Structure formats: C-alpha cells, structure tokens
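Listed below are the residues making up each chain.
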Amino acid sequence: MSEQKKNPLFEEAQQYIPGGVNSPVRAFRAVGMDPLFIARGEGSKIYDTDGNGYIDYVMSWGPNLLGHGDARILSAVRDAVGNGLTFGAPTTRETELAKLICECHPAIEKVRLVSSGTEACMSAIRLARGATGKDKVIKFRGNYHGHSDGLLVKAGSGLLTESVPDSAGVPKGYAENTLLADYNSEASVEALFRANDDIAAIIVEPVAANMGVVPPKDGFLPFLRDICTTHGTLLIFDEVITGFRLALGGASEYYGVTPDLVTLGKVVGGGMPLAAYGGRAELMDFIAPTGPVYQAGTLSGNPIATAAGLAQLTVLKEHPELYGALEQKARVLEEAYKDLANATGLPLQVNRAGSLLSVFFTDRPVENYEDAQTCDTDRFARYFRHMLKEGIYLAPSQFEAIFVSAVHSDEELQKTADAIRSFRDDD
C-alpha cells in the first residue's frame, strides 16, 4: 500500500465512526496513509483484508506477549465462553487471577480488577487521594495514564505554572490539582514539593512508553521512592505497559524499586480488555466495600477476560526463561538501528528497556518529552512506509513503542534487521 492509495474500508468507516477509528493513533495520519484493516493474526504475523501478511511489532499495543492466537489462551477462552459471557457476580477465576498477580508482583498484596488501563489509573489516583487526605498529584510530561479528565494536561511556560487541559471538553478545574514535572528530572520534582504541601501521589510510567520508549536514568526511580516516603506521598507505578513485560514482577522487579500502588493492563489481560490496580493491603482496604473510596464496574473481572489473563500469566510464571529470550530478541533490532546510523550518518537514537524499544530520528539523546519533540516526524513517516513495504508492521507514530513477542523467530528478526539497515532517507 502506498501513501496515495485510498482504502475503501476506511472511507466507509469514516461515515459511521469519528475519524474512522475507535482510537486516534489507528488513523495513520502521522504517516500519511490510510490504515490497514486487519482480518486475522497468527503467531508473530497479522494479515490485512487483502491477504497481505506482516511481521507484527505492535502486538495490539503490547498485550500479545505470546503472539497472536496462542493455543493455551484460546483454549482457556473457549472453555470459559461455553459457560456464559458475563454474570456481574463473583467467580472463582477472579480470585485465582488476583492471587497469581499478588504472587508475582512485589508491590501488590491486594488487587482490584477493572476493564481498562484508563480506569486503573483513574482509580489508583482516587485511592491515593482518599488514603492520604491530600488533593494534588504529580505527573510527568510525556507520560500517558489514560484519558481521564484530571490527567489530560500539559505544562505551561514553566514547571510551576498552572496546568491546563490538553483536550477540549475538559474543564479547567479538573486539571488544577495535577502538577507537571519533567521525566528524569529530579530538580523539577523537588521544586513542586517545595511549592506544594498537599501532594497525594506521584504517578509515573517507570519506563516511559508513550513518547517513545524512554528508560529512567540511573537513580531516578529510587529518588521518587525516597521523596514520596519523606513527604507522606504515595508512589504509583503505571505498569499498564511494563507490567509482566519487563519481568514477571514488572518494572518494580526489573529496577528493584517498590511503589505503593501499581496499575496493570495489556499483558495482564492476555489480549482481552482487562486491567488492574493493586498495592499494600492497608491501602487497598480503603476501597469500597471495605473503605470509603468508591469504585465499581459491572464487567470488572469478566470471566472471559480473566480466563485469557490467567492463561497468559500462568505461562509466564512457569517459563521465566522467556524474559531473557525477549531481551535478546530486542537487542537484535537495537543493533540494527545502530548499524543504520553508523552506515548512513542519519541522526537517530535508539532506546530500549527489556523487550520495548523505539527509534527516534533526532541528533540528541532522548531522555524526556522535550527531547522527543525534536524528532523529525516526516523522516519517521518515510521510514514507516519503507518498513511496511518490506512486510514489517510497526506503530504508525514516532512516539510509540516496538513490542517484541516471544514468538518472533530468529529468521523474522533477521528480516526485520535487514529492512532497518536498508532504509535510506530518499525511500
């Protein structure tokens, strides 16, 4: 597919769906194309409605850690479907999944299941405010925690300026208790604590993955842990992307830092809509019905989603060697990007954390949102189209991650690496 070719399926979708998509990045606007419509996935590949196959590094934006259509997950889902789709009542599988999450994640003693990462982050922040009796929350520019009103904010002209909504339809008052700091900047966080004495929580992606992959600098996460402890503030790790991907215990295990609360999504649902938030038992007991912080959801702990999640997490727990293999697979692509830069002189950076990585078309190291904004997005669009022609499906945005899965074969990784090395800016 070229950038000039129009997709009639997309044209029809736009008549009934805003922008033709149900999540904005799917629209392919950043790469100057109409989106592909996907008919099926199998293993490491997806196939569009024209029958073209692509090696997939989006993996539904992360959850398909075991690839598309893993037999163990599909079997569990089929068994669950046979007993009914939803009950709005407790099932034993909810407890089994909750127990497994608590066993695997070092920061979680109790966990509440929900249906989306947005819901998990929104609920964790409400819990932090309810448990501390404080109102303000620090988030970092370039970190994404879902589309709840209080988190859709951007910085003003300085770190201590008033936060303003980053979306139409969000009243200013929803954002006024959200404080903005710079990712990987200890000084920006310290300044906010000096200016505010009622900070309930810091919420952070321990590895930023929504401005491209930006790992934490050495000492940054321990610094956040220490400053929160000093000020009676709760530390929330948004592990919607990193949870069960970087390690069985997520970024908490990977970096050896234990937050007070954790949000999970993506991998925890095994490809189905499922998310969770959890933490120390005394904090989680603030949630209704045992405590005063209200949160509810009719489809929370859905029996089909919990079947998929339980199947995937069981595989990961029983096969810890997968994590070392994932890291090795991602290194193959990381080295290919470095080779491309050395061979062509193109200004590019590659960041990696475990099986997450991103290439940035800029001449400066990418350590925060400001650095990411220096990227040449037109060059990224040309690179994206080159890779698609080579049969490689990547996220259609400079500011998203590459997700390596356990089923990407050595042959497929080598084909991808060769495609990376063959990119030229005039493609």
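Residues numbered from 1 in each chain as written. Predicted model: local features only at pLDDT ≥ 70, side-chain atom pairs only at ≥ 80, totals over all residues. Heavy atoms only, no water.

Help me understand the overall build of the chain, please; the structure alone is not making it clear to me.
A tally of regular secondary structure across the chain gives 14 helices and 16 strands. On C-alpha atoms alone, the chain measures out to a radius of gyration of 21 Å, which is about the 22 Å that the 2.2 N^0.38 rule sets for 427 residues. With the C-alpha coordinates aligned to their principal axes, the bounding extent of the chain is approximately 55 × 55 × 45 Å. Looking at the 427 residues of the chain, the share that counts as buried comes to 54%. (Helix = DSSP H or I, 4+ residues; strand = E, 2+ residues; numbered from the N terminus. Rg over C-alpha atoms; globule rule 2.2 N^0.38 Å. Buried < 20%, exposed > 50% of the residue type's maximum accessible area, 1.4 Å probe, protein only.)

How should I be thinking about the environment of Ser60 in this particular structure?
By secondary structure assignment, the location of Ser60 is in the loop between β3 (53-56) and α2 (71-81). Put simply, Ser60 and Phe403 are 343 residues apart on the chain and 9.0 Å apart in space, counted from C-alpha to C-alpha.

Could you clarify how one ought to interpret unusual backbone geometry in this entry?
Among all residues save glycine, negative phi is the norm, and among peptide bonds the norm is trans. Here the residue pair Ala288 and Pro289 is connected by a cis peptide bond, since its omega of 15 degrees sits within 30 degrees of zero. With respect to the helices, strands and loops of the structure, Pro289 is situated in the loop between α9 (281-284) and α10 (303-318). Even without being glycine, Met59 reaches a positive phi, approximately 50 degrees. The backbone phi angle of Trp61 is positive, close to 65 degrees, even though this residue is not glycine. Looking at where Trp61 falls in the secondary structure, it is placed in the loop between β3 and α2.

Sorry if this is basic, but what is going on with the state of the cysteines here?
A covalent bond between the sulfur atoms of two cysteines is what we call a disulfide. Overall, the coordinates contain 0 disulfides when judged by the stated rule. The thiol of Cys102 is not disulfide-bonded; the next cysteine sulfur, from Cys104, is found 9.4 Å away. Here Cys121 is not disulfide-linked; the sulfur of Cys228 is the nearest cysteine sulfur, at 15 Å. Taking the relative accessible area as the measure of exposure, Cys121 reaches 1% and is therefore buried. (Disulfide = S-S within 2.5 Å.)

Would you take a moment to explain the confidence of the model for the chain for this structure?
In regions of low pLDDT, the predicted coordinates are not meant to be interpreted in detail. Here the chain averages 94 in pLDDT, and 96% of its residues register 70 or above. Note that pLDDT drops below 50 for residues 155-164; the model gives that stretch 23 contacts with residues more than four away or on any other chain. (pLDDT = per-residue confidence, 0-100. Contact = heavy atoms within 4.5 Å.)

Just checking my understanding: could you explain helix α13 (residues 377-389) for this structure?
With 13 residues, α13 should reach 18 Å at 1.5 Å per residue; the first-to-last C-alpha distance of 18 Å fits that figure. At its buried positions, α13 is contacted by β3, α11 (321-344), β14 (356-360), β15 (392-393) and α14 (410-421). Of the residues that open α13, the one with a side-chain oxygen 3.2 Å from the backbone nitrogen of Asp378 is Asp376. Gly391 sits one or two positions beyond α13 and adopts a positive phi of about 85 degrees. (Expected span 1.5 Å × (residues − 1). Polar contact = N/O pair within 3.5 Å; in protein donor to acceptor, adjacent residues only side chain to side chain.)

Can you help me understand the environment of Gly69 in this one?
Relative to the elements of secondary structure, Gly69 occurs in the loop between β3 and α2. The class for Gly69 is partly exposed, based on a relative accessible area of 45%. A C-alpha to C-alpha distance of 6.8 Å links Gly69 and Gly41, two positions 28 residues apart in sequence.

What exactly am I supposed to notice about the sheet that holds strand β12 (residues 275-279) here?
Strand pairing within a sheet occurs via backbone hydrogen bonds; the two strands may be parallel or antiparallel. Taking strand neighbours across the sheet as the criterion, the 7 strands line up as β4-β12-β11-β10-β9-β5-β8 in an open arrangement whose pairing is mixed. Edge positions in the sheet fall to β4 (110-114) and β8 (178-181), since each of these pairs with one other strand and no more. Each strand of the sheet is rotated relative to its neighbour by a mean of 20 degrees, with strand direction disregarded. Sheet analysis places strand β5 (residues 136-140) next to β8, joined by 4 bridges and oriented parallel. (Pairing = 2+ DSSP bridges. Axes fitted to C-alpha atoms, helices over the stretch in contact; angles between N-to-C directions.)

Please explain the sheet that holds β3 as it appears in this structure.
With respect to topology, 4 strands assemble into an open sheet ordered β1-β2-β3-β15, the strand pairing being mixed. Strands with a single pairing partner mark the edges of an open sheet, and in this sheet they are β1 (38-42) and β15. Here 3 bridges tie strand β2 (residues 45-48) to β3, and the two strands are oriented antiparallel to one another. By the bridge assignment, Lys45 is partnered in β3 with Ile55. α14 rests against β2, β3 and β15 of the sheet, and its axis sits at about 95 degrees to β3.

Where do I start with the pattern of salt bridges in this structure?
Side chains carrying opposite charge are able to pair once their charged atoms draw close together. Taken as a whole, this structure holds 21 salt bridges when the rule is applied. One salt bridge connects Arg280 with Asp260, and the closest N-O pair in it is separated by 2.4 Å. Of this pair, Arg280 sits in the loop between β12 and α9 while Asp260 is found in the loop between α8 (250-255) and β11 (261-264), placing the two residues 20 residues apart along the sequence. Classification of Arg280 by relative accessible area gives partly exposed; the value is 27%. (Salt bridge = Lys/Arg side-chain N within 4 Å of Asp/Glu carboxyl O.)

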